[in-house]
Every structure is written in C-alpha cells, then in structure tokens.
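This is what each chain is made of:
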Amino acid sequence: MARLHVVTGKGGTGKTTVAAAMALALAEEGKRVLLVEVEGRQGLAQLFDVPPLPYSERRIAHGPGGGEVFALAVDAEAALLEYLDMYYHLGRAGKALEKVGAIDFVTTIAPGLRDVLLTGKVYEATRRKVHGKLAYDAVVLDAPPTGRIAPFLNVNHEVAGLAKVGPIRNQADAIMGMLRSDVTRIHLVTLLEEMPVQETLDACEQLEALDLRIGSIVVNMVRNSPLDDDALALAVKEELPAAELTKGLRAAGLTIKDNLVKTLATEARDHAIRVGLERENRDRIDALGKQVSELALQPDGIDQGALFDLAEEFRG
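All of the points below concern the structure found in this document. (Residues numbered from 1 in each chain as written. Predicted model: local features only at pLDDT ≥ 70, side-chain atom pairs only at ≥ 80, totals over all residues. Heavy atoms only, no water.)

Reading across from one edge, β3-β4-β2-β7-β1-β8-β9-β10 is the order of the eight strands in this open sheet, with mixed pairing throughout. The open sheet terminates on both sides in strands that have one partner only, identified here as β3 (58-62) and β10 (291-296). In this sheet, neighbouring strand axes are inclined to one another by 25° on average, regardless of whether the strands run parallel or antiparallel. Across five bridges, the pairing between strand β9 (residues 214-222) and β10 is parallel. Opposite Val218, over in β10, you have Ser293 as the bridge partner. Along the sheet face, helix α7 (residues 146-153) touches β1 (4-9), β7 (138-142) and β8 (184-190) and points at about 140° away from the line of β1. (Pairing = 2+ DSSP bridges. Helix = DSSP H or I, 4+ residues; strand = E, 2+ residues; numbered from the N terminus. Axes fitted to C-alpha atoms, helices over the stretch in contact; angles between N-to-C directions. Contact = heavy atoms within 4.5 Å.)

Written out as structure tokens, the structure reads:
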C-alpha cells in the first residue's frame, strides 16, 4: 500500500491545495500524516492560517476522521547541515560553513545535490520508526510543478556527475529505490484546459519512462453545467428558444430589458463552447487509462472549511 504520495501539477492548477486536502483525507481516525513542501513558498502555512513553517515537523490540523496532520517545510541548506552532521559529524563546523555562505554556494552550483537533499528528507520521514512503528502512516509531498517533476525525482541522474560512490551516491540510490517501489505514488493535478492537460500528458510519459508509478490524475475546480446535452447543442448554435430564456429570466425575478435575452443567449453559447472543450480535454485524460479523481470548484475560495470539503471528496 502506498505511503508516500507525491503531488505535482502545472502552476495555477491548485497543486498545493490538492496536496493539503489529500493529507486531511488520509488523516483518518488515529492516523498520523506528514505534509511536506519543498519550494520555499510557505504555501501550506498560508492555507492552514498558521505561522511560517520551520525546518521541523509541526502539527497543523486534525483530519476529518480524528487523525493528525503535521507539516514540514524542507530547506535545502538546513537539510545539508543535517546531512553533514549525520554522516560526517561536523556539528559546529557545519554551522560555520553556513555563516560564510558555503552551504548556499554548494546547493546553488549543484542543483542535483539540492534535489537529493530535499527528497532525502522526505525519504527519511517516510521510513522513520518510533518504538518499532512507523512515525507517519502516510507522507504527502507538495512537489515542484510538472515541468520540473521528472528531473526532481530522478535523483540518480542528477547526482551522476557529482558522485560515483560514497554516501551521496548511496543516498540517491536508496531514494530512487523507494520512489520506484510500491510505497510511492505520483498524483498529477490538472484543470480541464489545454495547457495543464498537455503538461499532464507529457509528465506522465516522462515519469513512466523513469519507472515511476502514477497514482491518479486529479481534475481540480470542476464545474457542472446547468444545461443538459440537448440544451448545450442548441446554445452552441444560439438556437435556445427566446421564450424559454424570457421565462427563466422572469422566474429569477429579473426585469426583461432590451437585448437581455440576446445577451443571455450569447453567454449560453460561450458556456456551451467551454463545456465542449472541457469534455475534449477530459477525453484526453481518460485515454491515459489512469485513475481519475474530480474535485469541485470552491466558488467562495479556499479556506480551511473548503479544504475539509475537498478532503471529504477524496474520502468519498
């Protein structure tokens, strides 16, 4: 059963929101879930309305079933200091390196090392045990966007030019082994729009080429049409009966003014065209043959109440 859930998606698709909702959904009765971010944006703190997350695990919410959600913002520099202390026992010497800017310098000139450090912390948290039991029942990673997800997760390739042997190489091999195992699933978030769907298709191909396993495609911000298929077909051709439109406007308590019916017919046409495009994009997603989840658009925006609503949709 998967315990590490990697969530990615094109910018603007609600990737961080989906990761947070997924963590809440996994926090069933008695379960402990760790929600991790690696992009330095403090998006999770903003979502849950808590102070900026430090480089330590902090409880930020209770799940719908009574479990607990902890959060962690992984910082590459702090992870490198932890790594140096763990493998080389540098301690205060590592802190001295940080003061002179060496840590930032190393992670800047070696982005592959940076990704190993970020994923390495997630690897450690997923495997960590306390008193013989796993510290967390599940870990959810709010990962980089789809355009960068393949190189971010392909840590073996990223460190190939840095280390052929030694602790760094061993760490990369161990991380890659976990990412390719049954423990890990990658979920891709998209909207029913051309660019996000295309990035999703491309990312699926790239990830599977690396022997990484896709968990689900999450279609976010889904809007259901109030029109049936027959009405949509008429709306595209601007052939909705004017009498029916007038009746609907009056039923809504609106005063029928000049051109109001025509304006409504034009809006109905635009709506029908959008629904048609969304259905075409949904067909492209379905053609992948992956599990697809839908999350409804939250018209009032995202707050903690909306996050719990989305979590219930995951649980359902």
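So much for the structure itself; the text now carries on.
Turning to the packing of aromatic side chains, a few remarks are in order. Evaluated as defined, the whole model comprises one aromatic pair. Consider the rings of Phe70 and Tyr136, whose centres lie 5.8 Å apart with planes at 65°: the pair is edge-to-face. Of this pair, Phe70 sits in strand β4 (residues 68-73) while Tyr136 is found in the loop between β6 (133-134) and β7, placing the two residues 66 residues apart along the sequence. Across this residue pair, the class does not change: Phe70 and Tyr136 are buried. (Phe/Tyr/Trp six-rings, centres within 6.5 Å; stacked < 30°, edge-to-face > 60°. Buried < 20%, exposed > 50% of the residue type's maximum accessible area, 1.4 Å probe, protein only.)

Most peptide bonds take the trans form, and the phi angle of most residues other than glycine is negative. Positioned with a positive phi, Gln42 is a non-glycine residue whose angle comes to about 55°. Note that Gln42 resides in the loop between β2 (32-37) and α2 (43-48).

This part takes up a nonpolar patch on the surface. A contiguous nonpolar surface patch, about 240 Å² in accessible area, is contributed by Val236, Ile273 and Leu277. Inspection of the secondary structure puts Leu277 in helix α13 (residues 260-286). (Patch = residues over 30% accessible without salt bridge, like charges linked within 9 Å, V, L, I, M, F, W, Y side chains within 5 Å. Areas by Shrake-Rupley, 256 points an atom, 1.4 Å probe, with all protein chains shown as cover. Salt bridge = Lys/Arg side-chain N within 4 Å of Asp/Glu carboxyl O.)

Axis separation between α7 and helix α10 (residues 194-209) bottoms out at 9 Å; the angle between their running directions is 10°. The pairing of α7 with α10 is recorded here as roughly parallel in orientation. Contacts between α7 and α10 pair Thr146, Gly147, Ile149, Ala150 and Leu153 from the former with Glu199, Ala203, Gln206 and Leu207 from the latter. Split into classes, the residues belonging to the contact of α7 with α10 amount to five nonpolar, three polar and one charged. (Parallel < 35°, antiparallel > 145°, perpendicular 65-115°, else oblique. Nonpolar A, V, L, I, M, F, W, Y, C, P; charged D, E, K, R; others polar.)

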